[in-house]
Amino acid sequence: MSEFQTNSRVIKWIEYRLPIFSYVNEHLVVYPAPKNLNYAYNFGSLAGVMLVVQIVTGIVLAMHYTPHVDYAFDSVEHIMRDVNYGWLMRYMHANGASMFFIVVYIHIFRGLYYGSYKSPREVLWFLGIIILLLMMATAFMGYVLPWGQMSFWGATVITNLFSAIPLIGDSVVTWLWGGFSVDNPTLNRFFSLHYLLPFVLIGVVFLHLWALHHRKSNNPLGIDIKGPQDTIPFHPYYTVKDALGLAVFGVFFALFLFFMPNALGEPDNYIKADPLVTPAHIVPEWYFLPFYAILRSIPDKLGGVIAMFAAIFVLFVLPWLDTSRVRSATFRPIYKQMFWLFVIVCLVLGWCGAKPAEGIYIIVSRVATFLYFAFFGLLPFIGWFERPRPLPESINAAVLKSGGGGAMPEGAAAKAEERG
Amino acid sequence: MRGIGKLVVALSIGLGLAGAAAATPAQAAGEARSPLSRDWPHAGPFGTFDRASVQRGMMVYREVCAACHGLEYIAFRNLLEIGLSEDEAKVIAAEYEITDGPDELGDMFERPGKLSDYYPSPFPNDNAARAANGGALPPDLSLVVKARLGGENYIYSLLVGYEDPPAGVELGDTQHYNPYFAGGAISMAPPLFADMVEYPDGTSATVEQMAYDVTNFLTWTAEPKLEARKQLGVKVIIFLVLFSILMYAVKRKVWAGLH
Ligand code: HEM
């Protein structure tokens with residue numbers, strides 16, 4: 001690791017008192033990253049960018065937004081119509097939330113595929129799940145703020161889930177609402193918390209990165225870094241690669257933002273909240289649909305709530321459920337198939353969540369819920385009888401074998417990491 | 001297991017499409033007929049409002065719909081955005097009576113509308129609106145295009161879609177049959193009849209034409225920044241695509257030197 005050097009006296013003066021320049025140098029410039037990271041590894045930096053986008057656009061929105069049941073909806077329309085580029089801020093924020101979830105879900109599946117939750121990265125994994133939970137809470141409360149029909153009824157349905165808690169359920173719900181229904185006090189506290197939680201997120205993201213840089217990145221081969229020949233400095237290699245990913249993802253984001261900004265939302269949310277009119281279908285935002293399907297697949301209310309929370313909390317025990325010593329699915333023939341089936345199950349659950357809870361949809365969501373948990377239930381056994389394929393002796397050896405020698409032909413390096 | 005990977009991609013696309021397709025007509029509650037689709041001038045990445053049609057639509061709103069429906073998010077000054085001159089907009093504003101005050105004596109008073117005023121609601125409150133409409137509330141139209149599945153196609157279909165009720169459908173006294181409306185029984189009488197407005201530009205005022213024009217107008221009221229959004233979008237996409245290509249080249253170059 002090359003030491004931080006500078007000739008600037010100002011930088012030296014500051015550095016002596018607060019070693020911030022060497023810190024940045026250590027973590028963003030010379031930080032040794034495995035040389036074989038593929039494009040699945042872009043989604044972490046993308047999630048970071050999305051958090052910044054949400055905070056910046058959110059702060060601008062908050063300058064014009066009024067958290068009051070009589071004015072909230074109007075103030076959002078004021079943002080859309082009268083504030084300079086208010087429409088841009090608002091659509092960026094609303095679609096940005098969806099983009100954030102797309103990125104984070106892919107990031108999580110990447111971790112599942114390459115076994116990134118295994119020792120020594122369990123704490124890193126836990127911090128990731130905490131980030132997911134905080135994001136969900138933030139997005140849920142944010143969706144209430146425009147005070148449309150879906151805001152109001154979504155909030156009513158979801159907060160009511162807490163009434164399933166035995167004995168104290170109803171008191172808990174009253175406490176959450178700050179009254180006897182979702183009303184102005186609810187809107188006020190949701191705004192307060194919606195503003196707060198993203199900053200808590202920043203803190204957890206820092207811990208997440210701290211854990212990452214302490215034990216270093218996993219990689220598509222899932223084998224440890226054995227020495228400097230296995231790594232490359234973060235800058236310029238991964239800075240350009242992340243920049244490329246960001247640009248391509250930017251195109252995807254922009255397509256939604258500028259050409260179909262309401263495609264991911266519900267038309268009902270353009271109707272002002274009305275406690276006396278219940279919409280025909282109350283559906284949460286798409287990123288909650290798989291969990292919503294699990295909730296509704298259990299006939300008992302308390303059971304459904306427990307299953308829904310279990311679907312996330314089971315991720316905390318994953319490092320111990322998976323008994324295989326091999327990390328990457330690349331070398332685990334059975335796990336690899338299970339992984340893809342699990343992805344399909346999650347998509348099917350999402351589809352069920354968007355459908356009314358009746359007839360065939362209930363049956364499909366019950367089967368899918370069973371399979372969701374079966375994935376975790378089977379993992380310990382797979383680890384015992386699966387025969388992993390032989391692991392390469394080192395990252396460097398695998399990269400060299402799959403493409404280049406010391407003098408690499410043009411493009412060989414790119415090919416090597418694309419193959420993953 | 002490339003195969004399974006591909007399957008997942010195919011499945012997600014399939015599910016997405018199925019979801020989108022299923023969401024459109026089915027969710028509009030059970031039996032509603034799926035809306036007709038028309039080519040809208042503001043559709044597509046380069047779409048812009050057809051100003052002449054939007055202005056005709058404003059006439060339809062003013063002479064027909066405004067009797068029952070408000071337009072609470074539109075101020076008369078906004079009419080300049082669809083090509084009216086300041087004087088024309090002032091004339092339209094002055095047609096409406098606006099309650100203002102209190103004056104020095106503490107009394108409210110009526111005065112003609114100004115550019116800074118918003119379209120006043122035709123009824124003093126929701127109960128009055130219901131009482132005048134057989135118990136049904138005529139919704140404010142400012143956002144209605146974005147507030148219904150099917151958007152402009154739905155609004156257009158609703159306006160041209162009135163039919164005689166099929167056998168077996170019971171309608172209340174103030175209800176009419178419209179297959180595009182969820183449930184079929186709507187409390188709005190067919191609002192449009194041929195030649196009920198006289199277009200100054202000579203366009204023939206058929207029901208379809210008026211429905212088309214007023215839908216264009218209501219799309220503008222729902223999404224007044226549509227043109228700015230699409231124009232900026234095209235520029236941003238072009239920039240990001242070029243930037244991606246550049247980054248791709250830079251990345252190839254940087255990584256080529258790696259051993
Ligand atoms: C983790 C980051 C965040 C997520 C996932 C998120 C998510 C959301 C969502 C889903 C909505 C509803 C969008 C709509 O349909 O209008 C929303 C609205 C809002 N958010 Fe956030 N948000 C985040 C951060 C922030 C921050 C940091 C602030 C303020 C500093 C903020 C301020 C607002 C405001 C004022 C609204 C209401 C205006 C509107 O509806 O567009 N958000 N947020």
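These numbers were taken from a predicted model, which means no experiment stands behind them. (Residues numbered from 1 in each chain as written. Chains lettered and ligands numbered in written order. Predicted model: local features only at pLDDT ≥ 70, side-chain atom pairs only at ≥ 80, totals over all residues. Heavy atoms only, no water.)

1. Focus on the coordination of the iron atom of the ligand
Residues and elements named next belong to chain A. Those donors, H93 (NE2) and H194 (NE2), are the protein atoms that reach the iron atom of the ligand, and they lie 1.9 Å from it. Around the iron atom of the ligand, the six donor atoms sit at angles spanning 85 to 180°, and that spread fits a shape best called octahedral. With H93 in helix α5 (residues 86-113) and H194 in helix α9 (residues 184-215), this residue pair connects regions lying 101 residues apart in the sequence. According to the relative accessible area criterion, H194 is buried, its value standing at 14%. (Donors = N, O, S within 2.8 Å, 3.2 Å for Na, K, Ca; no water. Tetrahedral: all angles 85-135°; square planar, octahedral: opposite > 155°, others 65-115°. Helix = DSSP H or I, 4+ residues; strand = E, 2+ residues; numbered from the N terminus. Buried < 20%, exposed > 50% of the residue type's maximum accessible area, 1.4 Å probe, protein only.)

2. Some remarks on the interface of chain A and chain B
A common measure of how large an interface is: the accessible area buried when the components associate. Opposite the 55 residues of chain A that make contact, chain B presents 49 residues. Taking both sides of the interface into account, the surface hidden between chain A and chain B amounts to around 4,600 Å²; carbon and sulfur atoms contribute 70%. Three residues stand out in chain A for area buried against chain B, namely R81(A), F258(A) and F259(A), and they jointly supply 16% of the buried area on that side. Where chain A packs against chain B, one counts two salt bridges. Between D82(A) and R77(B) there is a salt bridge, with its nearest N and O atoms 3.7 Å apart. (Contact = heavy atoms within 4.5 Å. Buried area = accessible area lost by both parts, 1.4 Å probe. Salt bridge = Lys/Arg side-chain N within 4 Å of Asp/Glu carboxyl O.)

3. Focus: the domain arrangement of chain B
Considered domain by domain, chain B is made up of domain 1 (1-73 + 133-224), domain 2 (75-117) and domain 3 (234-259). Just the C-alpha atoms count here: the centres of domain 2 of chain B and domain 3 of chain B sit 53 Å apart. (Domains from an automatic or database assignment.)

4. Remarks on the site of the ligand
Residue and element names in this part refer to chain A. Around the ligand, a shell composed of 25 residues is seen, among which R90, H93, G142, H194 and Y195 lie nearest. Here an oxygen atom of the ligand and a side-chain polar atom of R90 are 2.9 Å apart. In this structure, H194 approaches the ligand through a side-chain N or O atom, which is 2.7 Å from a nitrogen atom. At seven residues, helix α3 (residues 43-64) tops the list of elements feeding residues into the shell around the ligand. (Near = heavy atom within 4 Å. Polar contact = N/O pair within 3.5 Å; in protein donor to acceptor, adjacent residues only side chain to side chain.)

5. Topic: a nonpolar patch on the surface
Judged by side-chain polarity, F162(A), I165(A), L167(A), I168(A), F309(A) and F313(A) come together as a nonpolar surface patch covering roughly 590 Å² of accessible area. Turning to its location among the elements, F309(A) is positioned in helix α12 (residues 301-321). (Patch = residues over 30% accessible without salt bridge, like charges linked within 9 Å, V, L, I, M, F, W, Y side chains within 5 Å. Areas by Shrake-Rupley, 256 points an atom, 1.4 Å probe, with all protein chains shown as cover.)

6. Section: the domain arrangement of chain A
Residue and element names in this part refer to chain A. Looking at the assigned domains, one finds that chain A contains domain 1 (38-215 + 237-282) and domain 2 (289-389). A C-alpha centroid distance of 24 Å is found between domain 1 and domain 2. Residue-level contacts link 26 residues of domain 1 with 30 residues of domain 2. Together, the buried faces of domain 1 and domain 2 total about 2,500 Å²; carbon and sulfur atoms form 74% of this surface. When the buried surface of domain 1 facing domain 2 is broken down by residue, Y113, K118 and L161 rank first, second and third, together holding 26% of it. Inspection of the region where domain 1 meets domain 2 yields one salt bridge. Residue K118 pairs with D322 through a salt bridge whose shortest N-O separation is 3.1 Å. Counting across the interface, domain 1 meets domain 2 through eleven residue pairs in polar contact (both at pLDDT 80 or more). Those elements that provide at least two residues to the side of domain 1 that touches domain 2 are α5 and α6 (122-144). The biggest single contributor to the side of domain 1 that touches domain 2 is α6, with seven residues. Counted by class, the side of domain 1 that touches domain 2 contains 18 nonpolar, five polar and three charged residues. (Nonpolar A, V, L, I, M, F, W, Y, C, P; charged D, E, K, R; others polar.)

7. Focus: the packing of aromatic side chains
Within this structure, the stated rule accounts for 50 aromatic pairs over all chains. Ring centres 6.0 Å apart and planes at 35° place the aromatic pair Y61(B) and F217(B) in the tilted group. One end of the pair, Y61(B), is in helix α2 (residues 51-63); the other, F217(B), is in helix α6 (residues 207-222), and 156 residues separate them in sequence. Of the residues examined, Y61(B) reaches a relative accessible area of 1% and is grouped as buried. Relative to W220(B), the ring of F217(B) has its centre 5.9 Å away and its plane inclined at 35°; by these criteria the two rings are tilted. In this pair, F217(B) and W220(B) are both assigned in helix α6, three residues apart and thus about one turn of the helix distant. Residue F217(B) is classed as buried on the basis of its relative accessible area, which comes to 0%. Through successive ring pairs, a cluster of aromatic residues spans Y41(A), F109(A), Y113(A), Y114(A), Y335(A), F339(A), W340(A), F342(A), Y372(A), F373(A), F375(A) and F376(A). A cation over an aromatic ring shows up here: K241(A) above the ring of W255(B), its NZ or CZ 5.2 Å from the ring centre. (Phe/Tyr/Trp six-rings, centres within 6.5 Å; stacked < 30°, edge-to-face > 60°. Lys NZ or Arg CZ within 6 Å of the ring centre and 35° of its normal.)

8. What about the nonpolar core?
Of all hydrophobic cores here, the largest spans 119 residues; its most connected members are W125(A) and Y372(A). For W125(A), the residues in contact, after removing those within four places along its chain, are I108(A), G111(A), L112(A), Y117(A), L315(A), L318(A) and P319(A). Counting residues in hydrophobic clusters, the runner-up holds 46 residues, among them W40(B), L84(B), A89(B) and A211(B). (Core = buried A, V, L, I, M, F, W, Y, C linked by side-chain atoms within 4.5 Å.)

9. Let's talk about unusual backbone geometry
Cis geometry is adopted by the peptide bond preceding P120(A), which originates at S119(A) and carries an omega value of 5°. Look at the link from G101(B) to P102(B): it is a cis peptide, with omega at 0°. Looking at where P102(B) falls in the secondary structure, it is placed in the loop between β1 (97-100) and β2 (109-112). The phi dihedral of Y85(A) is positive, around 55°, even though this residue is not glycine. Note that Y85(A) resides in the loop between α4 (72-81) and α5.

10. Section: the confidence of the model for chain B
Residue and element names in this part refer to chain B. Model confidence for chain B is summarised by a mean pLDDT of 90, while 88% of its residues fall at 70 or above. Per-residue pLDDT stays below 50 along residues 20-30; that stretch engages in 13 contacts with residues further than four places along the chain or on separate chains. If you check the scores for this complex, the pTM reads 0.91 and the ipTM reads 0.91. (pLDDT = per-residue confidence, 0-100.)

11. What to know about α5(A)
Residues and elements named next belong to chain A. For α5, built from 28 residues, the straight-helix expectation of 40 Å at 1.5 Å per residue is met to within 8% by its first-to-last C-alpha distance of 40 Å. Along α5, the helix axis deviates most sharply at G96, where the bend reaches about 30°. Of all 28 residues in α5, 23 are buried, a share of seventy percent or more. Looking one or two residues beyond α5, the residue adopting positive phi is G115, at roughly 65°. (Expected span 1.5 Å × (residues − 1). Bend = angle between axes of the 7 residues up to and from the residue.)

12. Details of the side chain of H107(A)
Residues and elements named next belong to chain A. Within the secondary structure, H107 is located in helix α5. A distance of 3.3 Å separates a polar atom in the side chain of H107 from the backbone nitrogen of G44. Among all residues touching H107, those that are not within four sequence positions of it are F43, G44 and H208.

13. Things to note about the environment of R332(A)
Residues and elements named next belong to chain A. One can find R332 in the loop between α12 and α13 (333-354). Classification of R332 as buried rests on a relative accessible area of 0%. A sequence separation of 54 residues divides R332 from E386, and the C-alpha atoms of the two residues are 7.2 Å apart. Those residues within four positions of R332 in sequence are excluded, and the remaining contacts are K118, D322, S324, V326, R327, I382, G383 and E386. For R332, the side chain forms a polar contact with the side chain of S324, separated by 3.4 Å.

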